[in-house]
Structures are given as structure tokens and as C-alpha cells.
Amino acid sequence: MDRYISRNIDKELLAWKEDPMRKPLLLRGARQVGKSSAIRHFGKKFKNFAEINFERHKAAKIFFQGDIDAHLIAQKIGNYINVPIEAGDTLLFFDEIQECPEAIMALRFFKEDYPELHVVAAGSLLEFTLQELPTFGVGRIHSLFMYPMTFDEFLGANNEAGLISMRNNADYAHPLDIAFHKKLIEYFRIYLLVGGMPEAVFAWTMTKDFNRCRSIQEDIILTYEDDFTKYKKRVNPDLLRTTMRGICHIPGEKLSFKKISDDYRSSQIRDAITLLTLAGIITPVIATSGNGIPLDAEANEKSTKILFLDSGLLLSVLKLEGNLSQQLIELIMTGSPQELVNKGGLTEMVAGLELMRNKSCIQRQKMFFWEKTGNSVAEIDYLEIHNLKITPIEVKSSTQGGMKSLWMFMREKHLTNALRCSLENFGEFDYQDKEDNNAIRHVNVHPLYALSQINI
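All of these numbers come straight from a predicted model, not from anything done at the bench.

1. Here we look at the overall build of the protein chain
And step 1. Counting its regular elements, the protein chain contains 18 helices and 13 strands.
And step 2. For 456 residues, the compact-globule estimate of 2.2 N^0.38 gives 23 Å, and the C-alpha radius of gyration of the protein chain, at 23 Å, lies within 12% of that figure.
And step 3. Overall size of the protein chain, expressed as C-alpha extent along the three principal axes, is 75 × 50 × 45 Å.
And step 4. In the protein chain, once contacts between residues fewer than 6 apart in sequence are set aside, the share between residues at least 24 apart is 72%.
And step 5. Of the roughly 20500 Å² of accessible surface on the protein chain, a fraction of 48% belongs to carbon and sulfur atoms.
And step 6. One finds the centroid of the 55 positive side-chain charges in the protein chain at a distance of 1 Å from the centroid of its 59 negative side-chain charges.

Printed below as a string of C-alpha cells:
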């Protein structure tokens, strides 16, 4: 049985295949998000598929030593694995390429000397190797970034194409029928628990057993922790483990070094966060003043929230910590939609992950939030750019009067449009701001199960 579940990256790979100006492709992302599986599935579009795994085929590293001749390398690989390497008919795949830095450096020569051959590479902890290389062919290599499965991919894995279609036909003026709305909420609850790691999602589609999914998630977490010894020399694996697990205790909260550990200095934890970010396990959400674009022009990296890679993995970490996840699991499974959004920092985190993963995958995306300190404390969960304008996004189920931070931000920045993301149905409303000459603020209410449709 073909275990492959369709991914958004599939369309990007096909577009790359047909591009006459294509460059060698580097697929980047955290371990076990499905990079190799996607490429092997993509390989079925070719007459021949040639894979070299540098962890398994260690002897193949010698092909990249000395003077680089792309045609000769391809010929040697073809003979080594007994697969014809033919331009236009063969996909040449270098897996675990971080184990052979010379192969990474050689990718540029495939662009220069053998551009008609389709060459793709992937690897685990690839970002660390790339950092240590003086150059790896900037301008001659094309990168795509891959993440765990989005909610839409999760629905597709559960054969709910019809449900996706109905949701996509709804809008703010035409909400979903209540039956479809409730079904999507229930799937979103399941998605929070199962997460988007492909192996866990596949297990769910086959067994509908949360315990089976949790066992897989725990194995993945332990694999990540085993990797900590490979991150960089002289970095304490216990520091990385403590930092990763500490982050899982504060989803949706601002980063506090003291909440993560009292045993390490702030500078050590900051270094660990940098490494975990490089590994793709976490993504920082940086505070910004939000006065204009680009948002990172006024970013304040001292004030940060953290998106953990996957909600299912986060719950697994909490369970490994001593079953601290049980209260959160009960909230996800039995709490009202309003409670799930307003009380669950995990929901805010997943909203950020969905926003990030549904953007372009050709670059590493940056995430931002807004905060006001001092006498009037306020915070907006996410700021995004839409039609060259800043769009504030609040993850909240609330009455209009309970959105004081949003009104404050819109008033200060002279904005008229915002998004409230919750587990409410599609909708919209206007708010008359009495503190700003009765200015009208328009808010679109956007369901969390439809974040792929924001088109930011």
C-alpha cells in the first residue's frame, strides 16, 4: 500500500520540473516532516529515479572529491546504483546531503555544467552544514522550505475533499451551513491533538487511535533529542533539551528565560533558541512597532514568542514531562470553541503555524506580533502584510468590547480593517470607535479552520 499523503509541496515540485530555467533544488525543513517521501513520490513523474543517501552510501562521497565534473559524477552514480542517469528522464536525489558538504558545494556545478539534469537534495540538520560552508551556490540553487502538514493537508489525508470545497466556497457574507461548520471544528480539535507530522497523521487515518499517534510523536521527540549531540561542538545537549521542553510549557506566551530554566544563564538559553530555530524545531515571533513595512524594520528581538514545530509533538513533550498535557487535552476534546480559543495558548500557536505554512515556501518566513508596554499594556497576536498594508490578526472569541488591544492598535496606526480568528463561523462586523471621532473599524471574523483562505 502506498503510504504517501498528498502535500502542498507536490505542486511546487511539479512547477520546478517544468521550469526551463530551473536550478538544482534543495528541500529544507526539520527532521521527519516528509521531505524524502515527497521527493520519492515526485520521482514517479520520471522514467528513472536515482537516489543516493549519504548516510547509507558513504562510499559515494568520494565522487565529489577533487575537480568537480557534473557529467562524470552523474555517470559514476548511475553505475554505482545501477540506474540510468539521463537528462530529462531521470530525477537525481541526494538525501542526507549534510553528510557530504562537498556534494552541497557541487550542486552549483550541476547548474552551470549540466542544467538539463533534474537534481534535488534534502537532509536533516542541513542548516548547520550550510552555515559552515563559505558558499553553497547562492543564485545557482533553488530552495523550498517544508513543514509538518497544514490543516488542509490533514483534511485531505482524511479524504475530506468535499468538506474543503464547501469551506472554500464560504465567505464573510455567506457563512458555512452549521453542519459543515461543526464538522470542521471537530476536525480542528483532532488536528490539535494529532498534529501534522506525516507518520502520526497516517497512523490516525489508519487506526483513529490517539495513543498510537502519541507513541509515534514520543519517538520523534526522542529522535530530535538524540540529534542534539550533532548540533554543534561544545553545546550542552541537556541545555538544548531543557530549552526545548521549557518552550513547550509556554505556548502563546512571551518568552521568559526564567520560565525555561533557572539552571542556565540567559545567554545560554538564547544560544539554544538560535540552534533550535536553525534546526526548524521552533520559529520566533518577534515584537514590532507595526508602523509600516517591512515589519522587521522596527522589530525588537528582545521581546519574542515561540512557535513550536507541531502541536502534537508539543503535547507529547508535556506528557513526557509527567502527564502535564492532560488538562490541555481535556480542554481540546471537551471545551467549548470559545474556551478552546480564549484559554488555550496552544490554539494561538497553531494559528501562527497555519499562517506561516500557508505562505510561500520559497523562503523562510518571519512572524511578528505587536505589543504596547507601560501604562496601557496591549498585544496583537500576529501582524501580517496584505495588499501592502498591515493587517492585525487577533486569535480570540470575544465580544466587540473585549477587543481593546485591537481597537487601540487600529486607532494608533489609522487602520480600518482587521481579522479576528476564532472557531466562530465566517462573519463580519463594524465597530464605532468613540475614542476616535466615531471612526468605523471593519473586522472580518475568520474561522481557524480556514486560515489557508486568508491569502495574505
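There's plenty left to go through after this.
2. As for unusual backbone geometry
And step 1. Of the consecutive residues I293 and P294, the connecting peptide bond is found in the cis state with omega at 0°.
And step 2. Among the secondary structure elements, P294 is positioned in the loop between β6 (282-288) and β7 (299-308).
And step 3. The phi dihedral of Q32 falls on the positive side, at around 65°, and the residue is not glycine.
And step 4. With respect to the element layout, Q32 can be found in the loop between β1 (25-28) and α2 (35-42).
And step 5. Positive phi is not limited to glycine here, since E96 has a value of about 50°.
And step 6. Here E96 shows up in the loop between β3 (90-95) and α4 (101-113).

3. Examining helix α17 (residues 345-357)
And step 1. In a regular helix each residue adds 1.5 Å, so 13 residues correspond to 18 Å; α17 covers 19 Å between its end C-alpha atoms and thus fits that length.
And step 2. Counted residue by residue, α17 has 12 buried out of 13 residues, so it is predominantly covered.
And step 3. Buried residues of α17: L346, T347, E348, M349, V350, A351, G352, L353, E354, L355, M356 and R357, and no others.

4. Section: the pairing of strand β4 (residues 118-122)
And step 1. Summarising burial for β4: 5 of the 5 residues are buried, a large majority.
And step 2. Alternating residues of β4 divide into H118, V120 and A122 and V119 and A121, and every residue in both groups is buried.
And step 3. By the bridge criterion, 3 bridges tie β1 to β4 in an arrangement that is parallel. Directly across from L25, in β4, lies its bridge partner V120.
And step 4. You can see the chain leave β3, run along α4 and come back into β4, and the turn it takes is right-handed.

5. So, the sheet that holds β4
And step 1. Strand order in the open sheet formed by 5 strands is β2-β3-β4-β1-β5, and the pairing between neighbours is parallel. In the strand order of this sheet, the two ends are held by β2 (48-53) and β5 (142-145), each with one partner. Each adjacent strand pair in this sheet contributes to an overall mean axis angle of 20°, direction not counted.
And step 2. With 4 bridges connecting them, β3 and β4 associate as parallel partners. Looking at the pairing, L91 lines up with H118 of β4.
And step 3. Helix α1 (residues 9-18) contacts β1, β3, β4 and β5 of the sheet and is inclined by roughly 170° relative to β5.
And step 4. Strand contacts of α2: β1, β2, β3 and β4, with the helix running at about 165° to β3, the strand carrying the most contacts.

6. Notes on the environment of L423
And step 1. Inspection of the secondary structure assignment puts L423 in the loop between β11 (417-422) and β12 (427-433).
And step 2. Taking the C-alpha atoms as reference points, L423 and S397, separated by 26 residues in sequence, lie 7.3 Å from one another.
And step 3. Look past the residues within four positions of L423 in its chain and what remains in contact with it is H181, I185, F188, P337, L340, V341, S397, L448 and Y449.

7. Some points on the nonpolar core
And step 1. Y231, I281, F308 and Y449 are the most contacted members of the largest nonpolar core, which has 109 residues in total.
And step 2. Broken down by element, this core gets its largest block of residues, 9 residues, from helix α8 (residues 178-194).
And step 3. In contact with F308, not counting residues within four places along its chain, are I221, M244, I247, C248, I281, I282, L313, L314, M349 and L353.
And step 4. Counting 30 residues, the second largest nonpolar core, distinct from the first, contains I52, I73, I85 and I97.

8. Topic: the packing of aromatic side chains
And step 1. Tallying each qualifying case throughout the model produces 19 aromatic pairs.
And step 2. Ring centres of F128 and Y231 lie 4.8 Å apart, and the angle between their planes is 40°; this geometry places the pair in the tilted category. Within this pair, whereas F128 is found in helix α5 (residues 126-132), its partner Y231 is found in the loop between α10 (210-227) and α11 (237-247), the two being separated by 103 residues in sequence. As far as burial versus exposure is concerned, F128 and Y231 are alike and both buried.
And step 3. Three or more aromatic residues joined by ring pairs make a cluster, and in this case those are F151, F154, Y187, F188 and Y191.

9. Quick word on the sheet that holds strand β10 (residues 389-395)
And step 1. Spatially, β7-β6-β8-β9-β10-β11-β13-β12 is the arrangement adopted by the 8 strands of the open sheet, whose pairing is mixed. Each of the sheet's edge strands pairs with one partner strand only, and the pair in question is β7 and β12. Going across the sheet, the axis of each strand differs from the next one's by a mean of 35°, ignoring polarity.
And step 2. One ladder, built from 3 bridges, connects β10 with β11; its direction is parallel.

10. Considering the pairing of β3
And step 1. Taken across its 6 residues, β3 has 6 buried, putting it largely inside the fold.
And step 2. Here β3 shows two buried faces, one formed by T90, L92 and F94 and the other by L91, F93 and D95.
And step 3. Direction of pairing for β2 relative to β3: parallel, over a ladder of 6 bridges. Counted as the bridge partner of N53 is D95 from β3.

11. Digging into the layout of surface pockets
And step 1. Taken as a whole, the largest pocket spans an internal volume of roughly 900 Å³.
And step 2. Considering the residues around the largest pocket, the lining is formed by 42 residues, among which I273, T277, T283, P284 and I286 are closest to the centre.
And step 3. Element by element, the count of residues in the lining of the largest pocket is highest for β7, at 7 residues.
And step 4. Residues belonging to the lining of the largest pocket are distributed by class as follows: 24 nonpolar, 9 polar and 9 charged.

Here is what the cut-offs are and how they apply
Counting restarts for each chain: residues are numbered from 1 in the order of the written sequence. In keeping with the model being predicted, local features are shown solely for residues with a pLDDT of at least 70 and side-chain atom pairs are shown and tallied solely at 80 or more, while totals for entire chains, interfaces and linings include all residues. To get the side-chain values, take all heavy atoms of the structure and skip hydrogens and water. Only DSSP runs of H or I covering at least 4 residues are called helices, and only runs of E covering at least 2 are called strands; the numbering of each starts at the N terminus. In this treatment the radius of gyration is a C-alpha quantity, and the globule benchmark scales as 2.2 Å times the residue count to the 0.38 power. By definition in these notes, contact holds between two residues if any of their heavy atoms fall within 4.5 Å. Per-residue and other accessible areas follow the Shrake-Rupley method at a 1.4 Å probe size, with only the shown protein chains counted as cover for residues. Within this scheme the basic residues Lys and Arg register as positive and the acidic residues Asp and Glu register as negative, but His and the chain ends are omitted. Just so you know, the charge point we use is NZ for Lys, CZ for Arg, CG for Asp and CD for Glu. Expected helix span is taken as 1.5 Å per residue step, with the number of steps being one fewer than the number of residues. When accessible area is computed with a 1.4 Å probe and restricted to protein chains, residues below 20% of their type maximum are described as buried, those above 50% as exposed, and intermediate ones as partly exposed. Strands are treated as partners if at least two bridges between them are detected by DSSP. Handedness rule for crossovers: strands pointing away from the viewer, path from the first strand over the helix to the second running clockwise, crossover right-handed. Structural elements are reduced to axes, namely lines fitted to C-alpha atoms, with helices fitted over the stretch in contact, and the angle between N-to-C directions of any two is expressed from 0 to 180 degrees. Residues belong to one nonpolar core when they are buried, are Ala, Val, Leu, Ile, Met, Phe, Trp, Tyr or Cys, and are joined through side-chain atoms within 4.5 Å. Note on aromatic contacts: the rings of Phe and Tyr and the six-membered ring of Trp form a pair at centre separations within 6.5 Å, being stacked when their planes are under 30 degrees apart, edge-to-face when over 60 apart, and tilted otherwise. In the cavity and pocket records, a cavity denotes points on a 1 Å grid over the protein atoms alone where a 1.4 Å probe fits but cannot get out, a pocket denotes an open set with protein on both sides within 12 Å along at least 5 of 7 lines, and lining residues are residues with an atom within 4 Å of a point. Grid points are joined across faces, edges and corners, and a volume is the space filled by probe spheres set on the points. Each residue is assigned to one of three groups, with Ala, Val, Leu, Ile, Met, Phe, Trp, Tyr, Cys and Pro labelled nonpolar, Asp, Glu, Lys and Arg labelled charged, and all others, Gly among them, labelled polar.

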